[in-house]
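Chain residues, written in single-letter form:
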Amino acid sequence: MGCAFLWRHVAKIPGFRMRVDGLLLKLPVVGPFVRDLTSMQLAHTLHVLCGSGVQLHDALIICSKVPANIHIRNAVLAATLRVEQGTSLTDALASHRVFSPLLIQFTESGEASGQLDTMLQRAAEVLEDDTRSRLQSMASLVEPVALLVVAAIVFTIVMSILQPIFEMNTLF
């Protein structure tokens, strides 16, 4: 309870939040997961907005509020500025390394074919399936690790009880 309260207040400090979000993106297993999850959310939101007739620039501004990670949010804002200057969405997203390569490939295909919203929908579906399977495999690894941790705790407790008994036997 106290940790959650402390985290809530510490997370509001901009410099701290930037460091934590940057670290999350650099971690080996967590980084790609966060990148793909955010890319999936971005693709889904862009699909819905573009399919509803919202201009790409306005859709990107709205999408910049979706990511919880500050680095990804800033990358979406920077991509919005580049699109406003006339750069393609693919080039704007590819200039940042925080988006999934799959999203960039689907975006490139959608821009080339003129069916950006359809390709964004497919990108969101593929990234969702990939994220779901990755999450299931990580969840399946949690059980054996938790079992090992519990076994180590039980072993420590048993040894702390038995060690004095063994020491008493050596005295006599």
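Data block above holds the structure.
Residues numbered from 1 in each chain as written. Predicted model: local features only at pLDDT ≥ 70, side-chain atom pairs only at ≥ 80, totals over all residues. Heavy atoms only, no water.

1. Points about the nonpolar core
Counting 28 residues, the largest nonpolar core has Leu 42, Leu 46, Leu 89, Leu 93, Phe 99 and Leu 103 as the members making the most contacts within it. Beyond its immediate chain neighbours, meaning those up to four positions away, Leu 103 contacts Ser 39, Leu 42, Ala 43, Leu 93, Leu 120, Ala 123 and Leu 127. (Core = buried A, V, L, I, M, F, W, Y, C linked by side-chain atoms within 4.5 Å. Buried < 20%, exposed > 50% of the residue type's maximum accessible area, 1.4 Å probe, protein only. Contact = heavy atoms within 4.5 Å.)

2. Re the packing of helix H4 (residues 56-63) against helix H5 (residues 70-84)
Their axes nearest at 9 Å, the elements H4 and H5 cross at an angle of 170 degrees. Between H4 and H5, the angle falls in the class roughly antiparallel. In contact with Leu 56, His 57, Leu 60, Ile 61 and Cys 63 of H4, H5 contributes Val 76, Ala 79, Thr 80, Val 83 and Glu 84. Grouping the constituent residues of the contact of H4 with H5 by class yields 7 nonpolar, 2 polar and 1 charged. (Axes fitted to C-alpha atoms, helices over the stretch in contact; angles between N-to-C directions. Helix = DSSP H or I, 4+ residues; strand = E, 2+ residues; numbered from the N terminus. Parallel < 35°, antiparallel > 145°, perpendicular 65-115°, else oblique. Nonpolar A, V, L, I, M, F, W, Y, C, P; charged D, E, K, R; others polar.)

3. Overview of the state of the cysteines
Taken as a whole and judged by the stated rule, the model has 0 disulfides. In this model Cys 50 remains outside any disulfide bridge; the closest cysteine sulfur is found in Cys 63, 7.6 Å from its own. Residue Cys 63 is classed as buried on the basis of its relative accessible area of 0%. (Disulfide = S-S within 2.5 Å.)

4. Let's talk about the packing of helix H3 (residues 30-51) against H4
Taken N-terminus to C-terminus, the directions of H3 and H4 make an angle of 140 degrees; their axes are 10 Å apart at the nearest point. When the axes of H3 and H4 are compared, the pair comes out oblique. Two packed elements cross with a definite hand, and for H3 against H4 that hand is right-handed. Here Leu 42, Thr 45, Leu 46, Leu 49 and Cys 50 of H3 come into contact with H4, specifically with Leu 56, Ala 59, Leu 60, Ile 62 and Cys 63. The class makeup of the residues in the contact of H3 with H4 is 9 nonpolar, 1 polar and no charged. (Left-handed = near helix turned anticlockwise from the far one by under 90°.)

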